[in-house]
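Structural overview for review
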Amino acid sequence: MAYRRTAAVQARLDGQREAVLRAAVALLAERGYAGCSMAAVADRAGIATGSMYQHFDGKADLAVTLFRTVCGREIAAVTEAAERAADPLDGVAAVVSTFAARALKSPRLAYALLAEPADRVVEAERLVFRRAFRDLIAGRIDRAVAGGRLPVQRAELTAAAIVGAVGEALVGPLTDGQPPETVLPELVTFTLRALGGH
């Protein structure tokens, strides 16, 4: 007969996994991916390294889960900001400004998510992350075009270019500590100009 976990055992494991993920996020924000070894995360979470394998197959699995967890929060935040804007162009501006402001508040973490060299599995997740941002922006571009606010364009292509440009533009400020107020207005202005808005 196969072993079945009791509800209490499963609850304990779920709680431990959450603690491990919190520890991993903290380490990622401090040290980047290089500092998120299984042993380092286990030590920060206060568990044995062997216990990590109850939750993750290895460092690659941990890194992917960590990336999805943190990026999921970022996507939720920019989606909420975009949905508060009644005008689609304001929605695009909200996506860019919210993402950039959050990145600049936690520069080491944002650099890890955007640009730090990482395993192929993390690079693949970065593409998923960028596509989610692209699709969010593209939907608003389509609405602005339909409403006559923007010239006709391939929304998906324009949105992908904006996501790439904003990510690249943030790398410098993330590494040299520029304050948000010196970066955000120019990023929003660039974005609206790139869309063809007036």
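Residues numbered from 1 in each chain as written. Predicted model: local features only at pLDDT ≥ 70, side-chain atom pairs only at ≥ 80, totals over all residues. Heavy atoms only, no water.

Quick notes on the overall build of the protein
Selection rule: Segments assigned H or I by DSSP are reported as helices when at least four residues long, segments assigned E as strands when at least two residues long, and all are numbered from the N terminus. Working definition: with a 1.4 Å probe on protein chains only, accessible area under 20% of the residue-type maximum means buried, over 50% means exposed, and in between means partly exposed.
Counting secondary structure elements, the protein contains eight helices and zero strands. Element order for the protein, N to C, with α for helix and β for strand: α-α-α-α-α-α-α-α. Structurally, the protein occupies a C-alpha span of about 65 × 45 × 30 Å along its principal axes. Each of the 198 residues in the protein was classed as buried or not, and the buried ones make up 43%.

Re the packing of helix α6 (residues 120–146) against helix α7 (residues 155–176)
The condition that has to hold: Axis lines are fitted to C-alpha atoms, over the contacting stretch for helices. Their N-to-C directions set the angle, which ranges from 0 to 180 degrees. Geometric relationships in this document are graded by angle, where less than 35 degrees denotes roughly parallel, more than 145 denotes roughly antiparallel, 65 to 115 denotes roughly perpendicular, and other angles denote oblique. Here a crossing is called left-handed whenever its near helix is offset anticlockwise from the far helix by less than a right angle, and right-handed whenever the offset is clockwise. The contact criterion used throughout is that any non-hydrogen atoms of two residues lie within 4.5 Å. Residue polarity follows a fixed list, in which Ala, Val, Leu, Ile, Met, Phe, Trp, Tyr, Cys and Pro are nonpolar, Asp, Glu, Lys and Arg are charged, and the others, Gly among them, are polar.
Taken N-terminus to C-terminus, the directions of α6 and α7 make an angle of 130°; their axes are 8 Å apart at the nearest point. Of the possible angle classes, the one that applies to α6 and α7 is oblique. Where α6 crosses over α7, the handedness of that crossing is right-handed. On α7, the residues touching Arg130, Phe133, Arg134, Asp135, Ile137, Ala138, Ile141 and Asp142 of α6 are Ala155, Glu156, Thr158, Ala159, Ala160, Ile162 and Val163. Looking at the contact of α6 with α7 residue by residue, the class counts come to nine nonpolar, one polar and five charged.

Quick word on the packing of aromatic side chains
Spelled out, the test is: Stacked, edge-to-face and tilted labels apply to pairs of Phe, Tyr and Trp rings (six-membered ring for Trp) whose centres lie within 6.5 Å, assigned for plane angles under 30 degrees, over 60, and everything in between, in that order.
Within this structure, the stated rule accounts for four aromatic pairs. Pairing Phe67 with Phe129 gives two aromatic rings, centres 5.8 Å apart and planes at 85°, and the pair type is edge-to-face. Taken together, the positions of Phe67 in helix α3 (residues 59–84) and Phe129 in helix α6 put the pair 62 residues apart, joining distant regions of the chain. Accessibility classification places Phe67 together with Phe129 in one group, the buried group. Summarising the aromatic geometry, the rings of Phe129 and Phe133 are spaced 4.9 Å apart at their centres and angled 90° between planes, so their arrangement reads as edge-to-face.

Here we look at the side chain of Arg126
Note that Arg126 resides in helix α6. Residue class for Arg126 comes out buried when judged on its relative accessible area of 2%.

Points about the packing of helix α4 (residues 88–105) against helix α8 (residues 184–195)
Interaxial distance between α4 and α8 falls to 9 Å at its minimum, and their mutual angle equals 145°. The interaxial crossing formed by α4 with α8 has right-handed handedness. Of the residues in α8, those touching α4 at Leu89, Val92, Ala93, Val96, Ser97, Ala100, Ala101 and Leu104 are Leu184, Leu187, Val188, Thr191, Leu192 and Leu195. Looking at the contact of α4 with α8 residue by residue, the classes come out as 12 nonpolar, two polar and no charged.

Structural notes on the environment of Val122
Locating Val122 in the fold gives a position in helix α6. Among all residues touching Val122, those that are not within four sequence positions of it are Tyr33, Ala63 and Phe67.

Describing the environment of Arg131
Relative to the elements of secondary structure, Arg131 occurs in helix α6. Classification of Arg131 by relative accessible area gives partly exposed; the value is 42%.

Points about the confidence of the model for the protein
A low pLDDT means the predicted coordinates there should not be read in detail. Selection rule: What pLDDT expresses is the predictor's confidence in each residue, scored from 0 to 100.
Looking at the protein as a whole, its pLDDT mean stands at 91, while 96% of the residues score no less than 70. At the low end of the mean pLDDT range in the protein sits helix α1 (residues 7–31), at 86; at the high end sits α4, at 96.

So, α8
Convention followed: The span expected for a helix works out to 1.5 Å for each residue beyond the first.
Taking 1.5 Å of rise per residue, the 12 residues of α8 would be expected to cover 16 Å, and the 17 Å separating its terminal C-alpha atoms lies within 8% of that figure. Positive phi appears at Gly196, one or two residues downstream of α8, with a value of about 95°.

With respect to the nonpolar core
Selection criterion: Here, nonpolar core refers to any group of buried Ala, Val, Leu, Ile, Met, Phe, Trp, Tyr and Cys residues whose side-chain atoms link them within 4.5 Å.
By size, the foremost hydrophobic cluster in this structure holds 60 residues, and its most contacted members are Val41, Met52 and Leu170. Only α1, α2 (38–45), α3, α4, α5 (107–114), α6, α7 and α8 provide two or more residues apiece to this core. If sequence neighbours within four positions are ignored, Leu170 has contacts with Phe99, Ala100, Ala103, Leu104, Leu114, Val183 and Leu187.

Notes on the layout of surface pockets
Short version of the rule: Using protein atoms alone on a 1 Å grid, points that fit a 1.4 Å probe yet trap it form a cavity, whereas open point sets bounded by protein on both sides within 12 Å along at least five of seven lines form a pocket; residues with an atom within 4 Å of a point count as lining. Grid points are joined across faces, edges and corners, and a volume is the space filled by probe spheres set on the points.
Computed from the structure, the largest pocket encloses a volume of approximately 250 Å³. Around the largest pocket, the lining comprises 16 residues; the ones closest to its centre are Leu114, Val163, Gly164, Val166 and Gly167. When residues of the lining of the largest pocket are traced back to their parent elements, those giving at least two are α4, α6 and α7.

Here we look at the state of the cysteines
The criterion, for reference: When two cysteine sulfur atoms are found within 2.5 Å, that pair is recorded as a disulfide.
As enumerated under the stated definition, the model contains zero disulfides in all. Of all cysteine sulfurs, the one in Cys36 lies closest to Cys71, which takes part in no disulfide; the gap is 13 Å. Given a relative accessible area of 3%, Cys71 falls into the buried group.

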